[in-house]
Amino acid sequence: MRENENPCIYVTCRGFALRTGSRRGTAGTAADCPARGSPVLKSNFLKVCWQQTKNDKNSLIMIEIVILTRWSPDINAADGSMAYGKGDGFLGKYKTINYKCFLKGLFFVLLFLAGLKGAVLLLYPPNEIIRTWHCFYALEKGEAEVLVVGSSHAYSTFDPWVISQSTGMSSYVLASNSQNTVQAYFNVKEALHYQQPKAIILEAFSLDNNNNFRYGDTPDRDWKKEANIDGMRFGLTKLEAVMEQYEGRNWSYALLPIARCHSNWTDIVSIGSNLNFYMKGIRNFSSFRPSRTSMSADTQRLYAEADYNPAEWVISGSNELYFHKLAQLCREEGIPFYVVMAPMYDVYIRSINYDSCFEKISSLAESEGVYYLDCNRHYNEIGLTAQDFEDAFNGYHHLNGSGAEKVTRFVMDMLYVQEKE
């Protein structure tokens, strides 16, 4: 392209007369129009030319945009057509964009993407995490006045029905298996695009040493993290979540779930389960999922016989960083933010160095001025027994329905008092 030579755009309008000063879509007469090929609208970047072509059948108006390196239309005096010669600039031969073809191409691209989305919905292995997201997006505005995020401790502890009975507010538990504070931050950020909660609760077990599965036998890949991100709608928040939680070489792996589930087309049971969920079950799905068992005498005995573990509680650097970001986000949005530790079986608590856990989390919360409620410090006040926990000898200690009801009611009462103060 020559120096000081700007690209020009010529717009040829066939089948109607475009006149200077007329509103868009208003046709002028031949008398109103300038000579063929002369500029109707001219600026540094856009030149619009009028050309009249005889059309007895009043066929569909077609607009062609021709990008040139110079103002050089050649007018055929015989039929009034406009031809363009080979330009001198870097564009070489001038290109013509046919809008009709463009719209056809766009339609087929959108159709392909819709088919791809449908395939993912049907072929994705059924799990509660991705369904928690779909149910969230189906909520009406204002149906998540209390938003709870965190790990499985969150979705087995906070009972939306009890929250409604205690506070008169609706709630939603946007929790997932092994969800750490990094994931919780992006879940809240995504949720704020659709809901305006009056309070946000982070279940404190998310403040552990979970480093988003960056290491181990399958570094950077774990179905729980994948499902949480797969459930999000595509947008800037999802892209940011992928870029933060995955190494660059795994971004396409994270953003294209069809590559992970395309082989499930023979799994009729999974396809049927997904089809039934999307057709009938979204509004009936509950994000509250307590354990269905109660601790047996044998499991209690195993806890009683367990050796003491002096190891200190560890909060990963990424979890600490994103806790500060989450606290800041809530402040910017003017939303009260609370940290609550769901209870664990008291015999187990006495077998570990729980003081280090309480001190580190309470110190972190205090640094942001966030209220921290540790239910393990109110075990007797809540009225918990071994039968309020699941029948499993592990470090999860999920509550069952009776335990969740007791804890949810206690937490709501405590937070209500805190809010009044």
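Up top you'll find the structure we're talking about.
Notes on the structure in this doc start here. (Residues numbered from 1 in each chain as written. Predicted model: local features only at pLDDT ≥ 70, side-chain atom pairs only at ≥ 80, totals over all residues. Heavy atoms only, no water.)

**A word on the overall build of the chain**
Alright, step 1. Tallying secondary structure elements over the chain gives 16 helices and 12 strands in all.
Alright, step 2. The buried share of the chain, reckoned over its 421 residues, is 45%.
Alright, step 3. Sequence-distant contacts in the chain: of pairs separated by 6 or more residues, those separated by 24 or more amount to 77%.
Alright, step 4. Summing over all exposed atoms, the chain offers an accessible surface of approximately 22,300 Å²; the carbon and sulfur share of this is 55%. (Helix = DSSP H or I, 4+ residues; strand = E, 2+ residues; numbered from the N terminus. Buried < 20%, exposed > 50% of the residue type's maximum accessible area, 1.4 Å probe, protein only. Contact = heavy atoms within 4.5 Å. Areas by Shrake-Rupley, 256 points an atom, 1.4 Å probe, with all protein chains shown as cover.)

**Notes on the pattern of salt bridges**
For side chains of opposite charge, pairing can occur when their charged atoms come near one another.
Alright, step 1. Per the stated rule, a full pass over the model turns up 13 salt bridges.
Alright, step 2. Asp-222 is the partner of Lys-224 in a salt bridge, and the nearest nitrogen-oxygen pair spans 3.4 Å.
Alright, step 3. Two residues, Glu-368 and Arg-331, come together in a salt bridge whose shortest N-O distance is 2.7 Å. Taken together, the residues span a long stretch of sequence, with Glu-368 in the loop between α14 (354–367) and β12 (371–374) and Arg-331 in helix α12 (residues 317–333) at a distance of 37 residues.
Alright, step 4. Relative accessible area serves as the criterion here: at 47%, Arg-331 is assigned to the partly exposed category.
Alright, step 5. Via salt bridges that share partners, Glu-226, Asp-230 and Arg-260 belong to a single interconnected network. (Salt bridge = Lys/Arg side-chain N within 4 Å of Asp/Glu carboxyl O.)

**Observations regarding the packing of helix α2 (residues 128–137) against helix α6 (residues 223–230)**
Alright, step 1. One way to put it is that α2 packs onto α6 with a least axis distance of 8 Å and a crossing angle of 15 degrees. Classified by the interaxial angle, the pair formed by α2 and α6 is roughly parallel. Viewed along their axes, α2 and α6 form a crossing whose handedness is right-handed. Residues Ile-129, Ile-130 and Trp-133 of α2 form the contact with α6, whose own contacting residues are Trp-223, Lys-224, Ala-227, Asn-228 and Asp-230.
Alright, step 2. Grouping the constituent residues of the contact of α2 with α6 by class yields 5 nonpolar, 1 polar and 2 charged. (Axes fitted to C-alpha atoms, helices over the stretch in contact; angles between N-to-C directions. Parallel < 35°, antiparallel > 145°, perpendicular 65-115°, else oblique. Left-handed = near helix turned anticlockwise from the far one by under 90°. Nonpolar A, V, L, I, M, F, W, Y, C, P; charged D, E, K, R; others polar.)

**Some thoughts on the nonpolar core**
Alright, step 1. Residues Phe-337, Ile-361 and Val-411 are the most contacted members of the largest nonpolar core, which totals 78 residues.
Alright, step 2. In this structure, Ile-361 is in contact with Ala-204, Leu-207, Trp-313, Ile-315, Val-339, Met-341 and Tyr-372, ignoring residues within four places of it in sequence.
Alright, step 3. Ranked by size, the runner-up nonpolar core spans 9 residues in total, among them Val-120, Leu-123, Ile-129 and Ile-130. (Core = buried A, V, L, I, M, F, W, Y, C linked by side-chain atoms within 4.5 Å.)

**A look at the packing of aromatic side chains**
Alright, step 1. Taken as a whole and judged by the stated rule, the model has 21 aromatic pairs.
Alright, step 2. Ring plane angle 55 degrees and centroid distance 5.7 Å describe the contact between Phe-136 and Tyr-172, whose orientation is recorded as tilted. Here Phe-136 is found in helix α2, whereas its partner Tyr-172 is found in strand β9 (residues 171–173), with 36 residues between them in sequence.
Alright, step 3. What makes Phe-136 buried here is its relative accessible area of 2%.
Alright, step 4. On the basis of an interplanar angle of 5 degrees and a centroid distance of 6.3 Å, the ring pair of Tyr-379 and Phe-389 is categorised as stacked. With Tyr-379 in helix α15 (residues 379–382) and Phe-389 in the loop between α15 and α16 (401–420), this pair connects stretches of sequence that are 10 residues apart. (Phe/Tyr/Trp six-rings, centres within 6.5 Å; stacked < 30°, edge-to-face > 60°.)

**A look at a nonpolar patch on the surface**
Alright, step 1. On the surface, a cluster of nonpolar side chains totalling about 800 Å² of accessible area is made up of Tyr-99, Phe-102, Leu-103, Leu-106, Val-109, Leu-110, Phe-112 and Leu-113.
Alright, step 2. Relative to the assigned elements, Tyr-99 resides in helix α1 (residues 99–123). (Patch = residues over 30% accessible without salt bridge, like charges linked within 9 Å, V, L, I, M, F, W, Y side chains within 5 Å.)

**A short note on unusual backbone geometry**
Alright, step 1. For Ser-178, which is not glycine, the phi torsion reads 55 degrees and is therefore positive.
Alright, step 2. With respect to the helices and strands, the residue Ser-178 is situated in the loop between β9 and α5 (181–191).

**Focus: the sheet that holds β9**
Alright, step 1. One open sheet accounts for 5 strands, arranged β9-β8-β10-β11-β12; its pairing is parallel. In this open sheet, the two strands that pair with only one neighbour each are β9 and β12. Across the sheet, the mean angle from the axis of one strand to that of its neighbour is 20 degrees, orientation sign disregarded.
Alright, step 2. Where strand β8 (residues 146–149) meets strand β10 (residues 199–203), 4 bridges bridge the pair, whose relative direction is parallel. Counted as the bridge partner of Val-146 is Ala-199 from β10. (Pairing = 2+ DSSP bridges.)

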